[in-house]
Structure formats: structure tokens, C-alpha cells
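These are the residues of each chain, in order.
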Amino acid sequence: MKRRDFLLTGLGVTAGVTAVSFAPYAMSQMMGRRRNYQPSFSLQNFAVPALDEGTAIDGKQVFKLALQSGESRILPNTSTATIGINQNFLAPVLRFKKNQTVRMEVSNKLNEAAALHWHGMILPASQDGGPHQAIKPGDTWVAEWKVLNEPATYFYHSHTHNHTAEQVWRGLGGQMQIVDEDRDQELGIPHQYGVDDFPVIITDRSFTESGAFQYSNSGMQRMQGMHGNVILVNGIANSVLKPEKSLIRLRLHNASNARFYHLHFSDNRPFQLVATDGGILAQAQPLNDIRLAPAERADIIVDVSDGKSLSLRNKKGYGNLNRGMMGMMGGGSGLDSDFDLFHIDASKASKVAGFKTTQLVSFPDWTNVDIAATRQLQLEMQMGPAMMFGSGGFTINKKGYDLNVINEVAKANTFEIWELNNPSVTHHPIHVHNTQFRIIDRNGRLPYIWERGLKDTVTVSADEKVRILVPTGPYKDAKMPYMYHCHILEHEDAGMMGQFTVT
Ligand code: C2O
Ligand code: CU
Ligand code: CU
């Protein structure tokens, strides 16, 4: 046994890992010391995903979505077996409007069951696309709802019982946008898709030398969540955006399984945050950097009228790659670093007026609403071999996810306070279905400046207690539940998920 392995075994025991003798293979698995194929990419053009605005039929916006598999060119010299929605890898951007009724016709052309969830939407539980709405191979499932959500950037992705993480990794996920172009026009917010308004869907992936995706959800990859060493934006690596206009909106969207990003521009230029997960902000927020946990979105406006080249960069140190015991064990994996996500070459951008509006929309005041219930959620990782190598080990209030158990019951059209406590050693981005909530406080302090808007996902860092104010929404269904869970998808699949009904 190498000295390092010996030290780490010792450390594991003192940190509370049940004493088991790890075989060297298991040990290297656990330490995340798998060999990463490191492809090199020449500069490519920024990818703008296909746009699907649906078809108006009988007063509904109808979207036809096929879950399919195929081969995709992600690496320079080989192709990768992938899955996607109406395309081989990832998905078109779905764009629709508030108050429309959307009808999603989802046909499963894969040879495995899959569920497709509309992340962030307020909708009946039966239309939510969670684990209870799995679509068998060959079947079509139809989801319909009236769009009550505010204009913002949303997410749709696989939510298949026990297989969410791996299906998302292979490609079952995309962006949804609720738009109000007239209001954007009035406020001076760029809104022309692919012209001055760009999705920035961020994922990380790993590959084998032969081009296949490399994926694992056991050992270290289970504890930290699966991280990749290749960063993709809209499905491609090392791309350069050459905008036509000097004022651009980027819909930053962390669609990664587990990686947290701390984003800033290479020249540290300021940008304006205009929307969080579930809506535009009351006031534009000038920032130089922003942090996004898995599933979080942020719309930002960047002024590139100086014509300079820049990159969107990640600053290392945020997320679970360097947490506590894992940090020491996995620190050598090299997966946590500073890197560029994509580049911007603004030399050809025509100058348009900068963004001046600071006052955007007015929010309903929730400061004095009646609180119908207060709930406590304890986020736990059971430290032991079951967690490392078994199928569970992640719990909320000591219970792992069970399809047949309703953990919480809420009353429709009320507000609740949910207290999210994280006594575990890693961060957990907690997502609640069917709501856009506000963050009340973090350990009694104000939420971060970039999360003071409508949210559906909130990071609860190790040792933090975060309180959120949750509207329960208008839809009642005594039987069909909604989910709440950690959006590190490996944690979700390993049990850190619960179910609530609204009655
Ligand atoms: Cu983004 Cu329960 O999902
Ligand atoms: Cu969701
Ligand atoms: Cu988690």
C-alpha cells in the first residue's frame, strides 16, 4: 500500500467511516483517482441551441418532444453515444409565454423508461414529470398546464427513479424560457434569441479514450457528485461567441450533475444581474462574480462595447471537490481549478446603447404573509460503506427516498417556512418542485446578493441553516406528490429526496 493510501485509510477511520478494509481498487475509486482522458479542443463557434416555440393548436402551444438516442460529435476526433430530446445530445430551447397553455407531447423512443420534468414550473403534480410519471419505451406522455410562472430561464430534464443522474449526464436536459419581449423591450433588456440573448447551458463531462462518456455514481463520485474534466457550453467545448451587438444577455444555467461554478469575466468586468431562477429582479444588481450551484439560473447583461476579447471563467474553490475529508482524499483529482467556460470576441459587435434601467419590476410584498406551517428538513449523509458503495446513504430527516411514502402535506394557496439544516460535510443545493420561493436567511444573515429574487433551488452549505419562504401554489391533489431534493443528481438518486402533496 502506498503511503498516501495508508494515511487516507487512517483518516477515514478517524472521520467516522466504518472500518472496512478497502481493496486498493476500491480505495482509488473512492479517492476519485480514476484516469481522466484529457482531450484538447481547437476553438469552435459558440453553439446556439435550436429554438422551439411550439405550434399554436386550439388555443394551446403544442411542443412535440421525442426522447432519442444517437451519436454526437463532442470530441474532436471521435463520436460519443448520447441521448437527447429531438436531437442526439441535449435539447432545443423551449420558449413560451406567461398565461399560455402549453401542451408537451413527450414520446419515448429510447429503450429505457424515462420521466421528463419541468423544473421551476408551478403546475399540477400529475403534469410535473417526476418519478411517478415515467414513460415506458414506445409510449407518449402528455403534460399540459397554464403558465403561471414569471418570465425567466427554466430547466427541463430527466427525473427517472434512480436514473436521473446518469440520464442527464448522457444528455436528457435542456433549457426553457418564459419570455415577455414587450416588457424586455421597455426595460432595455436584450431579448432576441441567438442575436443578443443567448442560453449558456453549462455542463461538465468525462470521456474514455474511445470517446464514450465516463460515468460513475459510486465511491467518491457518489459523495461529491459526478464531476467531469471537460466543460461544455450548450454541448460544446472551447467555443467563442461573436455577438453582433454590444449589449448581450446571457442566460447562465448550471445544468451540471454536481459541479458548482464561481463565475466571473477574465477582465473582471462588471455585469448586471437581471433575473434569478424564477423571475426578473425588482432592481438590476451590478456584480463582478456570481456563484451557481447545480440547477441554478441567472440572467445577466454584459456590455462588450469596448470590443475587447474576454472569457467567462470559473474560480476554483467553490463546491464539493474540496470539502473536508473529501478535499483531502480527492484533492489530487485535479478537477477543481480555474478554467474558461467560453470566450467572447466582440470586435465585430455594432454599438448599441448600454443598459441603464436599474428599476425593473415590482414584487408582491411577502414580508407580512401568514405562515401556515413551518417544516424542518435535515440533510444527512450516512458515513459508511453503504453510502460509499451501496445504493443509499443520503437521507432527509433520516429517510431515504421512497416512491410510496408521502413525507409532507401542505395546504394549497398558503405560505410556509422551510428550515433547511445541513449538518453533513458537503454542500447540498436543495430544490423544491411547484414553487418559486424567497430565501429568508442563511444562518440568520441576509441571503447572498445574487439570490434575492425568486428561487427554486438554494445551496445549503455544510453547517448552514437556510430558511426559505415557500408559496404552496393553487393546485391540489391528495395523492400525487411533488418532490423536494438535493440537485446534486447523484445525491438525489442515492435518496436525498422527499415527497409532498398539496391539498
Ligand atoms: Cu431539476 Cu426535481 O428537479
Ligand atoms: Cu424541479
Ligand atoms: Cu446533496
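Residues numbered from 1 in each chain as written. Chains lettered and ligands numbered in written order. Predicted model: local features only at pLDDT ≥ 70, side-chain atom pairs only at ≥ 80, totals over all residues. Heavy atoms only, no water.

Considerations on the overall build of the protein chain
When helices and strands are tallied, the protein chain shows eight helices and 32 strands. Within the span of the protein chain, comprising 503 residues, buried residues form 59% of the whole. Within the protein chain, counting contacts between residues at least 6 apart in sequence, those at least 24 apart form 78% of the total. As displayed, the protein chain offers around 19000 Å² of accessible surface, 50% of which is attributable to carbon and sulfur atoms. (Helix = DSSP H or I, 4+ residues; strand = E, 2+ residues; numbered from the N terminus. Buried < 20%, exposed > 50% of the residue type's maximum accessible area, 1.4 Å probe, protein only. Contact = heavy atoms within 4.5 Å. Areas by Shrake-Rupley, 256 points an atom, 1.4 Å probe, with all protein chains shown as cover.)

Some thoughts on the coordination of the copper ion (ligand 2)
Only His117 (NE2) and His431 (NE2) from the protein reach the copper ion (ligand 2) as donors, at distances of 1.9 Å. Placement of His117 in strand S8 (residues 116-119) and of His431 in strand S27 (residues 428-432) is noted, with a sequence separation of 314 residues between them. Judged by relative accessible area, His431 falls into the buried class, the value being 0%. (Donors = N, O, S within 2.8 Å, 3.2 Å for Na, K, Ca; no water.)

Looking at the coordination of the copper ion (ligand 3)
At 2.0 to 2.2 Å from the copper ion (ligand 3) lie its protein donor atoms, namely His428 (ND1), Cys486 (SG) and His491 (ND1). Coordination of the copper ion (ligand 3) draws on donor residues from a single chain, spaced H-x57-C-x4-H in sequence. Of this pair, His428 sits in strand S27 while His491 sits in helix H8 (residues 489-493), and the two are 63 residues apart along the sequence.

Some words on the sheet that holds strand S14 (residues 239-241)
With mixed pairing, six strands are arranged side by side in an open sheet as S1-S14-S22-S21-S16-S19. The open sheet terminates on both sides in strands that have one partner only, identified here as strand S1 (44-45) and strand S19 (289-292). Relative to S14, S1 is paired through two bridges, and the arrangement is parallel. Note that in S14 the partner of Gln44 across the bridge is Ser239. (Pairing = 2+ DSSP bridges.)

Thoughts on the sheet that holds strand S28 (residues 438-442)
Strand order in the open sheet made by the five strands is S24-S23-S26-S30-S28, with mixed pairing throughout. Sheet topology places strand S24 (394-396) and S28 at the edges, where each strand pairs with a single neighbour. The sheet shows a mean angle of 20° between the axes of neighbouring strands, direction not considered. As defined by bridge partners, S28 adjoins strand S30 (residues 465-471) across four bridges and the pair is classed as antiparallel. Within S30, the residue paired with Ile439 across the bridge is Ile468. (Axes fitted to C-alpha atoms, helices over the stretch in contact; angles between N-to-C directions.)

Brief notes about the nonpolar core
Membership of the largest hydrophobic core comes to 43 residues, with the highest contact counts inside it found for Leu250, Leu341 and Phe342. Not counting residues up to four positions away in its chain, the partners in contact with Leu250 are Phe198, Val200, Leu241, Phe265, Ala298, Asp299, Ile300, Val302 and Phe342. (Core = buried A, V, L, I, M, F, W, Y, C linked by side-chain atoms within 4.5 Å.)

Regarding unusual backbone geometry
Unusually for a residue other than glycine, Leu90 sits at a positive phi of about 60°. Exposure remark for Leu90: the relative accessible area of 11% places this residue in the buried category. Of note, the phi angle at Asn99 is positive, near 75°, even though the residue is not glycine. Checked against the element boundaries, Asn99 lands in the loop between strand S6 (93-96) and strand S7 (101-108).

Regarding the confidence of the model for the protein chain
Per-residue pLDDT for the protein chain has a mean of 91; in total, 90% of the residues score no lower than 70. Of the regions scoring below 50 in pLDDT, residues 1-33 engages in 50 contacts with residues more than four places distant in sequence or in other chains. (pLDDT = per-residue confidence, 0-100.)

Examining the side chain of Ser158
As for its position among the elements, Ser158 is in strand S10 (residues 152-158). Classification of Ser158 as buried rests on a relative accessible area of 0%. Within the structure, the side chain of Ser158 is placed 3.2 Å from the side chain of Thr160, a separation counted as a polar contact. A polar contact of 2.7 Å, which involves the side chain of Ser158, links it to the side chain of Gln167. Apart from residues lying up to four places away in sequence, Ser158 is in contact with Ala115, Leu116, His163, Thr164, Gln167, Val168 and Leu172. (Polar contact = N/O pair within 3.5 Å; in protein donor to acceptor, adjacent residues only side chain to side chain.)

Here we look at the pattern of salt bridges
Under the defined criterion, the tally for this structure stands at 29 salt bridges. Residue Asp299 is joined to Arg251 by a salt bridge in which the shortest nitrogen-to-oxygen separation is 3.5 Å. Here Asp299 is found in strand S20 (residues 297-303), whereas its partner Arg251 is found in strand S15 (residues 247-254), with 48 residues between them in sequence. On the basis of relative accessible area, Asp299 is assigned to the buried category, the value being 0%. A relative accessible area of 1% means that Arg251 is categorised as buried. (Salt bridge = Lys/Arg side-chain N within 4 Å of Asp/Glu carboxyl O.)

Section: the packing of aromatic side chains
Two descriptors summarise a pair of aromatic rings, namely the distance from one centre to the other and the angle between the planes of the rings. Under the counting rule described, the total for this entry stands at 19 aromatic pairs. Between the aromatic rings of Trp118 and Tyr156, the centroid separation amounts to 6.0 Å while the plane-to-plane angle is 20°, which identifies the pairing as stacked. On the criterion of sequence distance, the pair formed by Trp118 in strand S8 and Tyr156 in strand S10 is long-range, its members being 38 residues apart. The same class applies to Trp118 as to Tyr156, namely buried. (Phe/Tyr/Trp six-rings, centres within 6.5 Å; stacked < 30°, edge-to-face > 60°.)

Considerations on the pairing of S27
Most of S27 sits out of view: five of its five residues are buried. Burial of S27 is two-sided: the residues His428, Ile430 and Val432 facing one way and the residues Pro429 and His431 facing the other way are all buried. Note that S27 and strand S29 (residues 457-460) share four bridges and pair antiparallel. Within the sheet, the bridge partner assigned to His428 lies in S29 and is Val460. Here S27 runs beside strand S31 (residues 477-486); their pairing, made up of three bridges, is antiparallel. Across the sheet, residue His431 finds its bridge partner in S31, namely His485.

Observations regarding the side chain of Asn257
Within the secondary structure, Asn257 sits in the loop between S15 and strand S16 (261-265). A polar atom in the side chain of Asn257 sits 2.9 Å from the backbone oxygen of Ala165. In contact with Asn257, not counting residues within four places along its chain, are Ala165, Val168, Trp169, Asp204, Arg205, Tyr215, Met226, Pro294, His487, Ile488, Leu489 and Glu490.

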